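Coordinate inspection notes
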Amino acid sequence: MANPWAGEVALVVDGERLVAKLTLGALAELEARLEAESLADLVARFEGDHLRAGDVLMLVCAGLRGGGWRGDLPDLLSAEIEGGPLEAARVAARLLALAFRGAA
C-alpha cells in the first residue's frame, strides 16, 4: 500500500500494483533526463501549459524507480498503465505535490 505521508503514490502497471516516490535520486535522474537547470526549473516545466506526454512518462518512471522498481523508460513505454494517460498524469501530479508540499 502506498503511504502519502512518505511521498508514495500507487500505480498499476501491467497488472502489478507498484509504489512510486520522488526520492532525491529520482529527482536527480529526472532533472538529467529533462535537462532541467534546477529543481525550480523542473517544477516549472510541469506547472506550465505545455506539458508533454513524454514528460509525464519520465516523471512516472523516475517515481517508480524511486519506489524500487527495477525497470526503465523503455519498459514503461510498452507497458499497460491501468487508467491510461489520465491516470499517469494524475499520478505524476500527485508525486510532485507530495515531493514538494508534503502529504495533502
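Everything below is about the structure printed above this text.
Report on the accompanying structure. (Residues numbered from 1 in each chain as written. Predicted model: local features only at pLDDT ≥ 70, side-chain atom pairs only at ≥ 80, totals over all residues. Heavy atoms only, no water.)

1. Some remarks on helix α2 (residues 39–47)
Those residues of α2 that fall on the buried side of the exposure criterion are L42, V43 and F46. When α2 is viewed along its axis, its buried side chains cluster within an angular range of 95° and face the same direction. Across α2 from its buried face, at more than 90 degrees, point the exposed residues A40 and E47. On its buried face, α2 is in contact with α1 (24–34), α3 (53–66) and α5 (84–101). Sitting at the amino-terminal end of α2 is S38, which places a side-chain oxygen 3.4 Å from the backbone nitrogen of A40. (Buried < 20%, exposed > 50% of the residue type's maximum accessible area, 1.4 Å probe, protein only. Helix = DSSP H or I, 4+ residues; strand = E, 2+ residues; numbered from the N terminus. Arc of directions from axis to C-beta. Contact = heavy atoms within 4.5 Å. Polar contact = N/O pair within 3.5 Å; in protein donor to acceptor, adjacent residues only side chain to side chain.)

2. A closer look at the side chain of D55
By the element assignment, D55 lies in helix α3. For D55, a relative accessible area of 2% puts it in the buried group. Excluding anything up to four places from it in sequence, D55 contacts L34, R45 and F46.

3. Observations regarding the pattern of salt bridges
Scanning the entire structure with this criterion turns up 6 salt bridges. Here D55 and R52 are joined by a salt bridge, their closest N and O atoms 3.7 Å apart. Given a relative accessible area of 49%, R52 falls into the partly exposed group. With a closest N to O distance of 2.8 Å, R90 and E87 form a salt bridge. A residue pair is termed a helical-turn pair when its members lie 3 or 4 positions apart in one helix, as R90 and E87 do in helix α5 at 3 residues. Of the residues examined, E87 reaches a relative accessible area of 21% and is grouped as partly exposed. Among the charged side chains, a network of salt bridges with common partners joins E29, R33, R65 and D72. (Salt bridge = Lys/Arg side-chain N within 4 Å of Asp/Glu carboxyl O.)

Keep in mind that these numbers describe shape and distance, not what the molecule does.
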